[in-house]
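Summary of the model geometry
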Amino acid sequence: MYAQMVKSTGEGVKDLKEMSPEERAFQERIDRGEKIEPKEWMPEGYRKTLIRQIGQHAHSEIVGQLPEGNWITRAPTLERKAILLAKVQDEAGHGLYLYCAAETLGVSRDELLEKLHSGNMKYSSIFNYPTLTWADIGAIGWLVDGAAIMNQVPLQRTSYGPYSRAMIRICKEESFHQRQGYDIMMKMAKGTPEQKEMAQDALNRFWYPSLMMFGPSDKDSVHSAQSMAWKIKINTNDELRQKFVDQTVPQAEYLGLTIPDENLAWNEEKGGYDFSEPDWSEFYEVLKGNGPCNKERLGARVKAWEDGAWFREGLMAHAEKQSAAKLAAE
Amino acid sequence: MKKEWPLWEVFIRGQHGLNHRHVGSLHAPDAEMAIKNARDVYTRRNEGVSIWVVESKHITASSPSERGPLFEPSNDKVYRHPTFFDIPDEVGHM
Amino acid sequence: MEAAADQVDRTAYATWLMRMGDNTLILGHRLSEWCGHSPVLEEDIAMANTALDLIGQTQLWLGLAGEVEGAGRTADNLAYLRDASKFRNVLMVERPNGDFGQTLMRQFLFDAWHHAMLTELLTSTEERVREIAAKALKEVSYHLERSADLVIRLGDGSEESHARMQAALDDQWAYTGELSTPDEIDTATAAAGIAPDLAKVGTVWRQTVEEVLRAATLSVPDSTFAHQGGKSGRHTEHLGYILADMQFLQRAYPGAVW
């Protein structure tokens, strides 16, 4: 997902009996569905895991601006240009909300950005794939935002108040993103033969990377179990992936496009589709930095940050001068 | 010099005359820019008619550990709610 | 609505509308290039808001230009299917963004003109022009407030930001004259009352610019040289590259619906 393979304490979930009184009271509050708010007592592992998860999610939003931003100047009509710009701008906003949520846990946005820039924090693997045609913009909205929404909707109920509130705002704003992507795909799939070919090609390239977004199977992962006990992860990766496939297959059929998986078949017994696993070795390579666009994506973020240093500092210098002048006048 | 822009809390009054409501936070070098940034970040969908900003460090919050003494005493003051009183139907709307 | 338009050559009127729409189209395009690359998230979002306003204004101005021209061309046709020599924007808006300071300085210099122009257009003899101007003026008032504020803050900020803003101003200066230098199209549309006297717009522009630059502790360059040509279709080399990007899909797949 936007936050993939987030490490928690690594110790597995403690039984209520093994917990300190504070830990037990904390876990019981979560079990009752109460929200945890900033400055309230929380286990150090909860705080650290959340910083990693929210930070990674925020990084994914702002790195996620880049592959789509790639096509803003080439959007085919004025309306498409405005819609795409508004959408990519929303992603900047979502990054901003999430960084602010992370900041309530005692880390600054600049610190998080420095960790992104130095490679110490990750962003979602999906944004290391290139956008080669206009149909990719449709495919990203349809598949990538579709997969993201699948994860984000349950996260509105997450136990940490600021994170939950950020997710609520994000989900509200995102509701148009997936639709705009599908709308592009409809136009392309029903368009000229070249357009249809572009649409199919985009689906071929984005299908497996989209499935990878949910992360590898985590049914035996101690990290996932702890995160689920803390309600900062609501569903397992496999549950979400299955739900995504089940939702997407009929949408592809409507478009008249073929999902690039020979093993895709309806399984009556489980009430869902059987499908092929993505190539996980590719996933790990992308996480290690060997995806098609890792260098460009991170490079663009670092450049924006470094080139903008004088701007941020210049405005701070002005604000400090003004406040000094105001103090002197008092 | 390397100094992060301070964090601001943003409150917005919507179209319907309700109170200003906390909508989120952002960074800005000073209050005037915080207002402008709030306009650009938090009213993109026609959400507001008035913005307040306050630097986060100036917010004083109630202490979580005092939650009990602060809020539980009002639990049993049920007579403050209109449903506490039975008014016969014949009286009409009240 | 036809009264004033009848008094002026429709071609002149349509050309004047294209100037308005091409300015907003090309500047909006340039601003959109910053999306995802700005110095700080809050500015990234603010810059995109300005770009979105300008794209919206483009749809109105070029839409009306197409109607007045009467050849059945839509705003999209005009944006995506004209070659560079048919574009009527001023040179300033097509120049590359440079650093964030150069982009902001250009934005301020343009906003100050745009604001003065739209204010005058509120009393245009053409109702459609008045309507578009009224809508655009609200947006541009905010653009100007923001860009002027940032120019002042950065000019009177750190040593480096001051130096960069002065360099940006010196670099842009020779491209500002074109905004308020009237030619026969301006004269004809002004005579019909559709557009204002450009010299008057130029005077207001100059006042705003001097006031803001003074507050920004920046010096107005003394050079009066002004590059010209954009308004009549003689552009810099940069416009061709913008169009190669912008028009790629429409050119490569003629007639496709997106």
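The structure we're discussing is the one just above.
Computed from a predicted structure; not experimentally measured.

1. Section: the overall build of chain C
Helix and strand counts for chain C come out as 12 helices and zero strands. Its helices and strands taken in sequence order, chain C reads α-α-α-α-α-α-α-α-α-α-α-α from the N to the C terminus. Computed over C-alpha atoms, the radius of gyration of chain C comes to 18 Å, within 12% of the 18 Å expected from 2.2 N^0.38 for 258 residues, which places it in the range of a compact globule. Summarising its shape, the C-alpha atoms of chain C cover approximately 55 × 40 × 30 Å along the three principal directions. Taken across its 258 residues, chain C has 61% of its residues classed as buried. The long-range share in chain C, meaning contacts at least 24 apart out of those at least 6 apart in sequence, stands at 82%. For chain C, the accessible surface area stands at approximately 9400 Å², while carbon and sulfur atoms represent 53% of it. Placing the 22 positive and 38 negative side-chain charges of chain C at their respective mean positions leaves the two points 3 Å apart.

2. Quick notes on helix 10 (residues 237-255) of chain A
All names here are of chain A. Between its terminal C-alpha atoms helix 10 stretches 27 Å, which fits the 27 Å expected from 19 residues at 1.5 Å a residue. Along helix 10, the positions that sit buried rather than exposed are N237, L240, R241, Q242, F244, V245, T248, V249, A252 and L255. Residues of helix 10 that are buried in the fold lie against helix 6 (134-155), helix 7 (161-189), helix 8 (193-212), strand 2 (272-274) and helix 11 (280-290). Downstream of helix 10 by one or two residues, G256 has phi in the positive range, about 75°.

3. Quick word on the nonpolar core
By size, the foremost hydrophobic cluster in this structure holds 193 residues, and its most contacted members are Y46(A), W134(A), F311(A), L26(B), W16(C), M105(C) and F108(C). With 14 residues, helix 4 (residues 78-103) of chain A is the largest single contributor of residues to this core. Sequence-distant contacts of Y46(A), that is, excluding residues within four places in its chain, are made with F26(A), I30(A), I36(A), S159(A), Y160(A), W230(A) and I232(A).

4. Description of the pairing of strand 1 (residues 7-13) of chain B
Residues and elements named next belong to chain B. Counting buried residues along strand 1, five of its seven residues qualify, which places the element largely inside the surrounding structure. Bridging between strand 1 and strand 2 (residues 21-27) involves six bridges; their strand directions are antiparallel. In the sheet register, L7 faces strand 2, and the bridge partner there is H27. Pairing geometry for strand 1 and strand 3 (residues 50-55), over six bridges, is antiparallel. By the bridge assignment, E9 is partnered in strand 3 with V54.

5. Comments concerning the packing of helix 2 (residues 44-63) of chain A against helix 5 (residues 109-117) of chain A
Residues and elements named next belong to chain A. Where helix 2 contacts helix 5, the two axes come as close as 11 Å, and the packing angle between them is 70°. Taken together, helix 2 and helix 5 sit at an angle that is classed as roughly perpendicular. Residues I51, H59, I62 and V63 of helix 2 form the contact with helix 5, whose own contacting residues are L112, L113 and L116. Across the contact of helix 2 with helix 5, the residue classes break down as six nonpolar, one polar and no charged.

6. Some points on the interface of chain A and chain C
Listed as interface residues are 46 residues of chain A and, on the opposing side, 50 residues of chain C. Roughly 4100 Å² of surface becomes buried between chain A and chain C when both sides are summed, with 69% attributable to carbon and sulfur atoms. Together, L78(A), W310(A) and F311(A) form the three largest contributors to the area buried by chain A at its contact with chain C, with a combined 20%. Where chain A meets chain C, there are two salt bridges. Across the salt bridge formed by D156(C) and K321(A), the nearest N and O atoms sit 2.8 Å from each other. Elements represented by at least two residues in the side of chain A that touches chain C include exactly helix 3 (65-69), helix 4, helix 7, helix 8, helix 12 (294-307) and helix 13 (309-329) of chain A. The element best represented in the side of chain A that touches chain C is helix 4 of chain A, accounting for 14 residues.

7. Here's the deal with the interface of chain B and chain C
Facing 12 residues of chain B, the contacting portion of chain C comprises 12 residues. The junction of chain B with chain C conceals about 1200 Å² of combined surface from both sides, 54% of it contributed by carbon and sulfur atoms. It is M33(B), K36(B) and D40(B) that lose the most area in chain B upon contact with chain C, and together they represent 47% of the buried surface on that side. Where chain B meets chain C, there are four salt bridges. A salt bridge links D40(B) to R146(C), with the nearest nitrogen and oxygen atoms 2.7 Å apart. Where chain B touches chain C, the interface holds eight residue pairs in polar contact (both at pLDDT 80 or more). The greatest single-element share of the side of chain B that touches chain C, amounting to seven residues, is contributed by helix 1 (residues 31-42) of chain B. Its residues placed into classes, the side of chain B that touches chain C shows four nonpolar, two polar and six charged.

8. With respect to unusual backbone geometry
Located in the positive-phi region is K231(A), a residue other than glycine, with phi close to 55°. For K231(A), the position within the fold is in the loop between helix 9 (222-229) and helix 10. Judged by relative accessible area, K231(A) falls into the partly exposed class, the value being 28%. With a phi angle near 55°, T217(C) is a residue other than glycine that sits in the positive phi range. As for its placement among the helices and strands, T217(C) is situated in the loop between helix 10 (198-215) and helix 11 (237-246).

9. Digging into the packing of aromatic side chains
Going through the model one piece at a time under the given rule, you end up with 23 aromatic pairs over all chains. Here the aromatic rings of F311(A) and W5(B) are separated by 6.4 Å at their centres, their planes lie at 50°, and the arrangement is tilted. Note that F311(A) is positioned in helix 13 and W5(B) in the segment before strand 1, a pairing that runs across two chains. Judged by its relative accessible area of 0%, F311(A) falls in the buried class. Three or more aromatic residues joined by ring pairs make a cluster, and in this case those are F26(A), W41(A), Y46(A), Y160(A) and W230(A). Positioned above the aromatic ring of W71(A) is the side chain of R74(A), whose terminal nitrogen or guanidinium carbon lies 3.7 Å from the ring centre. Its end group placed over the ring of F87(C), R82(C) keeps NZ or CZ at 4.2 Å from the ring centre.

10. Examining the sheet that holds strand 2 of chain B
Residues and elements named next belong to chain B. One open sheet accounts for three strands, arranged 2-1-3; its pairing is antiparallel. Two strands lie at the open edges of the sheet, namely strand 2 and strand 3, each paired on one side alone. Between one strand axis and the next, the sheet turns through 30° on average, direction left out of account.

11. Re a positive patch on the surface
Residues and elements named next belong to chain A. On the surface, a cluster of positive charge is contributed by K7, K48, R52 and K115. One can find K115 in helix 5. By relative accessible area, which is 39% here, K115 ends up partly exposed.

12. Quick word on helix 2 (residues 10-32) of chain C
Here helix 2 of chain C is 23 residues long and its end C-alpha atoms lie 32 Å apart, about the 33 Å a rise of 1.5 Å per residue gives. One side-chain oxygen at the N-terminal end of helix 2 of chain C lies 2.7 Å from the backbone nitrogen of T11(C); it belongs to D9(C).

Cut-offs used in this document
- Residues numbered from 1 in each chain as written.
- Chains lettered and ligands numbered in written order.
- Predicted model: local features only at pLDDT ≥ 70, side-chain atom pairs only at ≥ 80, totals over all residues.
- Heavy atoms only, no water.
- Helix = DSSP H or I, 4+ residues; strand = E, 2+ residues; numbered from the N terminus.
- Rg over C-alpha atoms; globule rule 2.2 N^0.38 Å.
- Buried < 20%, exposed > 50% of the residue type's maximum accessible area, 1.4 Å probe, protein only.
- Contact = heavy atoms within 4.5 Å.
- Areas by Shrake-Rupley, 256 points an atom, 1.4 Å probe, with all protein chains shown as cover.
- Lys, Arg positive; Asp, Glu negative; His and termini not counted.
- Charge placed at Lys NZ, Arg CZ, Asp CG, Glu CD.
- Expected span 1.5 Å × (residues − 1).
- Core = buried A, V, L, I, M, F, W, Y, C linked by side-chain atoms within 4.5 Å.
- Pairing = 2+ DSSP bridges.
- Axes fitted to C-alpha atoms, helices over the stretch in contact; angles between N-to-C directions.
- Parallel < 35°, antiparallel > 145°, perpendicular 65-115°, else oblique.
- Nonpolar A, V, L, I, M, F, W, Y, C, P; charged D, E, K, R; others polar.
- Buried area = accessible area lost by both parts, 1.4 Å probe.
- Salt bridge = Lys/Arg side-chain N within 4 Å of Asp/Glu carboxyl O.
- Polar contact = N/O pair within 3.5 Å; in protein donor to acceptor, adjacent residues only side chain to side chain.
- Phe/Tyr/Trp six-rings, centres within 6.5 Å; stacked < 30°, edge-to-face > 60°.
- Lys NZ or Arg CZ within 6 Å of the ring centre and 35° of its normal.
- Patch = residues over 30% accessible without salt bridge, like charges linked within 9 Å, V, L, I, M, F, W, Y side chains within 5 Å.

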